[in-house]
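Per-entry structural report
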Amino acid sequence: MSLPTVLERIIERKFEEVGEREKQRSVSQLQDDIITASPVRGFVQAIANNIAAGRSAVIAEVKKASPSKGVIREHFQPAEIACSYEKGGATCLSVLTDADFFQGSEAYLQQAREACSLPVIRKDFIVDPYQVYEARAIGADCILLIAAALSDGKMAELNTIAQALGMDVLIEVHNADELARTLPLGNRLIGINNRNLHNFDTSLSTTYDLLDSISDQHIVVTESGIHRREDVAAMREHGVNAFLVGEAFMRAEEPGEKLAEMFA
Ligand SMILES: O=P(O)(O)OC[C@@H](O)[C@@H](O)c1c[nH]c2ccccc12
């Protein structure tokens, strides 16, 4: 038998984590929290507005560490980073909430969101409805669903729950099969992860190769491995105008300045 890939290990751990959390706080308690949660900020709307105005839409990521890179940013203050991103022209924020593999937390999402007026996506490995309720309870405006981690039925179920709670959904794919499974859901936003979650290689051609199969009604978000102005220019030449960028910003002293530089 082959060794489990990192994605498989993460998912296995997520199911345990959900079990532990449910004992601490039930779904019905989360539903109470949702009643008083901060109203949803339009995530897709913000992206669409930017693109309609001819600009790139930038989802700027708040990420301390990753399994492939280890600690990416030592000085890590989510509120400070959020302000810097907003000043630098970010459209939305992405905040890692996974603790075990990315050193993230729900508190980081709350701190980042409170510090600015940008819509925020909860970046985590969502495999159970519990995590969708939890996302809205902590203020998330959008969730990530990773096609590689979900069956068709589970993906549809989680998507429907998120939308019923008023959130947007970014479904992430990295090959033609995952894309074909995702398109029938009819979501406006499609994320293409240039990083293979099984072996961590990044290749921008992952995005280019899938573009022909996606109609103009969708907004493609290219994710991972965008490091330089040249990467941005190449994507824009292919008609891709929405970007999810983490590491390149996180390694800069002033993340928002780096954003402004790369997307000027
Ligand atoms: O740091 P990068 O290479 O700019 O990548 C950001 C983002 O795309 C990446 O963090 C990511 C994309 N999909 C994910 C799913 C889970 C965790 C992390 C991710």
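Residues numbered from 1 in each chain as written. Predicted model: local features only at pLDDT ≥ 70, side-chain atom pairs only at ≥ 80, totals over all residues. Heavy atoms only, no water.

Points about the overall build of the protein
Applied cut-off: Under the scheme used here, helices are H or I runs from DSSP no shorter than 4 residues and strands are E runs no shorter than 2 residues, and both carry numbers assigned from the N terminus. With the radius of gyration taken over C-alpha atoms, the globule rule is written as 2.2 Å times the number of residues to the power 0.38. Classification of residues uses two cut-offs on accessible area relative to the type maximum, computed with a 1.4 Å probe and protein chains only: under 20% is buried, over 50% is exposed, and between them is partly exposed. We call two residues in contact whenever any of their non-hydrogen atoms come within 4.5 Å of each other.
Check the secondary structure of the protein and you find 12 helices and 10 strands. Its C-alpha radius of gyration of 17 Å places the protein within 12% of the 18 Å reference for a compact globule of 264 residues. For the protein, the spread of C-alpha atoms along the three principal axes comes to 50 × 40 × 35 Å. The burial tally for the protein puts 55% of its 264 residues in the buried class. If you take every contact in the protein between residues at least 6 apart in sequence, the share linking residues at least 24 apart comes to 67%.

Looking at the packing of helix α4 (residues 78-88) against helix α12 (residues 255-262)
Quick reminder of the rule: In this description, a line fitted to the C-alpha atoms serves as the axis of each element, helices being fitted only across the stretch in contact, and the angle between N-to-C directions of two axes falls anywhere from 0 to 180 degrees. Relative orientations are named as follows: roughly parallel for angles under 35 degrees, roughly antiparallel for angles over 145 degrees, roughly perpendicular for angles from 65 to 115 degrees, and oblique for any other angle. Take the far helix as the reference: if the near one is turned anticlockwise from it by less than a right angle, the crossing is left-handed, and if turned clockwise, right-handed. Think of it as three bins: nonpolar holds Ala, Val, Leu, Ile, Met, Phe, Trp, Tyr, Cys and Pro, charged holds Asp, Glu, Lys and Arg, and polar takes everything else, Gly as well.
Relative to each other, α4 and α12 sit at 25°, their axes nearing to 7 Å. What the angle tells us is that α4 and α12 run roughly parallel. Considering how the two elements wind past one another, α4 and α12 form a crossing that is right-handed. Between α4 and α12, the contacting residues are Ile81, Ser84, Tyr85 and Gly88 on the first element and Pro255, Gly256, Glu257, Leu259 and Ala260 on the second. For the contact of α4 with α12, the residue count by class is five nonpolar, three polar and one charged.

Some details on the side chain of Glu223
Inclusion rule: Note on charges: Lys and Arg go in the positive column, Asp and Glu in the negative column, and His and the chain ends are not counted at all. Put simply, a salt bridge is a Lys or Arg side-chain nitrogen that is within 4 Å of an Asp or Glu carboxyl oxygen.
Mapped onto the elements, Glu223 comes out in strand β9 (residues 219-223). Summary of buried charges: Glu223 has no salt-bridge partner, and the nearest side chain of opposite charge, Lys123, is 5.3 Å away. Those residues in contact with Glu223 that sit more than four places away from it in its chain are Leu144, Leu170, Glu172, Gly191, Ile192, Asn193, Asn194, Arg195 and Leu244.

What about the site of the ligand?
Our working rule: Throughout, the term near means that a residue has one or more heavy atoms lying within 4 Å of the molecule or strand in question. What qualifies as a polar contact is a pair of N or O atoms within 3.5 Å, subject to a donor-acceptor requirement within protein and to the restriction that residues adjacent in sequence count only when both atoms come from side chains. Only the protein chains shown count as cover for residues, and all accessible areas are computed by the Shrake-Rupley method using a 1.4 Å probe.
Around the ligand, 17 residues are found, and the nearest of them are Glu61, Glu172, Ser224, Gly246 and Glu247. In the environment of the ligand, an oxygen atom lies 2.7 Å from a nitrogen or oxygen atom belonging to the backbone of Gly246. Notes on the ligand: free accessible area 440 Å², of which the protein chains cover 99%. Of the residues assigned to the shell around the ligand, the class counts are six nonpolar, four polar and seven charged.

Section: the packing of aromatic side chains
This is how it is decided: Stacked, edge-to-face and tilted are the three classes for Phe, Tyr and Trp ring pairs, Trp counted by its six-membered ring, which pair at centre distances within 6.5 Å; planes under 30 degrees apart are stacked, over 60 edge-to-face, the rest tilted.
A complete count under the given rule lists five aromatic pairs for this structure. Seen from their ring centres, Phe249 and Phe263 are 6.4 Å apart, and the 65° between their planes marks the pair as edge-to-face. Pair noted here: Phe249 is in helix α11 (residues 247-250) and Phe263 is in the segment after α12, with a separation of 14 residues, a long-range link. Residue classification places Phe249 among the buried residues on the basis of a relative accessible area of 0%. Ring-pair connections join several aromatic residues into one group, and the members of that group are Tyr85, Phe243, Phe249 and Phe263.

Here's the deal with the packing of helix α2 (residues 27-35) against helix α6 (residues 129-137)
At a minimum axis distance of 8 Å, the contact between α2 and α6 shows a crossing angle of 25°. Our classification of the angle between α2 and α6 gives roughly parallel. Between α2 and α6 the crossing geometry is left-handed. Residues Val27, Leu30, Gln31, Asp33 and Ile34 of α2 form the contact with α6, whose participating residues are Tyr130, Tyr133, Glu134, Arg136 and Ala137. Looking at the contact of α2 with α6, its residues break down into six nonpolar, one polar and three charged.

Details of a negative patch on the surface
Note the threshold: Residues with no salt bridge and a relative accessible area higher than 30% make up the patches, which join like charges within 9 Å and nonpolar side chains (Val, Leu, Ile, Met, Phe, Trp, Tyr) within 5 Å. Here the site of a charge means NZ on Lys, CZ on Arg, CG on Asp, or CD on Glu.
A cluster of acidic residues, Glu80, Glu253, Glu254, Glu257 and Glu261, forms a negative patch on the protein surface. Looking at the secondary structure, you find Glu254 in the loop between α11 and α12.

Things to note about the sheet that holds strand β6 (residues 142-146)
Across a sheet, paired strands are connected by hydrogen bonds in the backbone, their directions being either parallel or antiparallel. Just so we agree on the cut-off: Note: two strands are recorded as paired if DSSP finds a minimum of 2 bridges between them.
Pairing in this closed barrel of eight strands is parallel, and the strands run β1-β4-β5-β6-β7-β8-β9-β10 around the ring. Direction aside, the axes of adjacent strands within the sheet are offset by 25° on average. Here four bridges tie strand β1 (residues 57-62) to strand β10 (residues 242-245), and the two strands are oriented parallel to one another. Across the sheet, Ala57 pairs through a bridge with Ala242, a residue of β10. Packed onto the sheet, helix α3 (residues 43-52) meets β1, β4 (92-96), β5 (120-123), β6, β7 (168-173), β8 (189-193), β9 and β10 and runs at close to 135° relative to β1. Across the sheet, helix α5 (residues 106-114) touches β4 and β5, and the angle it forms with β5 is around 170°.

Focus: the nonpolar core
Test applied: Throughout this description, the term nonpolar core refers to a set of buried Ala, Val, Leu, Ile, Met, Phe, Trp, Tyr and Cys residues connected via side-chain atoms within 4.5 Å.
Ile47, Tyr85, Leu93, Ile143, Phe249 and Phe263 are the most contacted members of the largest nonpolar core, which totals 88 residues. Beyond its immediate stretch of four places on either side in the chain, Phe249 contacts Val58, Ala60, Arg73, Tyr85, Pro255, Lys258, Leu259, Met262 and Phe263.

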